[in-house]
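Structural overview for review
Residues per chain are reported as follows:
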Amino acid sequence: MQVEARFKVARVKVIGTMQTPDGGWRVEVVRHASGSRWYRVVHGDNVIDYLTITRVAELLSQAGIDLSDLAEPAA
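Residues numbered from 1 in each chain as written. Predicted model: local features only at pLDDT ≥ 70, side-chain atom pairs only at ≥ 80, totals over all residues. Heavy atoms only, no water.

This part covers the environment of tryptophan 25. For tryptophan 25, the position within the fold is in strand E2 (residues 25-32). Sequence separation between tryptophan 25 and valine 42 is 17 residues; the distance between their C-alpha atoms is 5.9 Å. Not counting residues within four places of it along the chain, the set of residues in contact with tryptophan 25 comprises Met18, Gln19, Thr20, Val41, Val42, His43, Leu60, Ala63 and Ile65. (Helix = DSSP H or I, 4+ residues; strand = E, 2+ residues; numbered from the N terminus. Contact = heavy atoms within 4.5 Å.)

Take the pattern of salt bridges next. Per the stated rule, a full pass over the model turns up four salt bridges. In this structure, arginine 55 and glutamate 58 form a salt bridge, with 3.0 Å as the shortest nitrogen-oxygen distance. Taken together, the residues span about one helical turn, with arginine 55 and glutamate 58 both in helix H1 (residues 53-62) at a distance of three residues. Classification of arginine 55 by relative accessible area gives partly exposed; the value is 34%. When salt bridges with common partners are traced through the structure, they connect Arg26, Glu28, Arg40 and Asp49 into a single cluster. (Salt bridge = Lys/Arg side-chain N within 4 Å of Asp/Glu carboxyl O. Buried < 20%, exposed > 50% of the residue type's maximum accessible area, 1.4 Å probe, protein only.)

A separate point is the pairing of strand E4 (residues 46-51). Inspection of the sheet shows strand E3 (residues 37-43) paired to E4 by four bridges, in the antiparallel sense. The partner of tyrosine 39 across the bridge, within E4, is leucine 51. Count of turn residues in the E3/E4 antiparallel hairpin: two residues, of which glycine 44 carries a positive phi of about 60°. (Pairing = 2+ DSSP bridges.)

Now the structure itself:
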């Protein structure tokens, strides 16, 4: 008996990134192929997805980081 697994792969694209000067915290702007957008926070191995900018600011604030502390990563 052969079993075929089918998975839908989400088509998302990171369209912008900002991070703390040390690179420890990164915020990504993500766009789905459907056009919807959200924010993702990455800290070490932790990834928090599908956030609003308000929630991003709250999470960073809890870590002692202000949104104005973020900058585009060096190329």
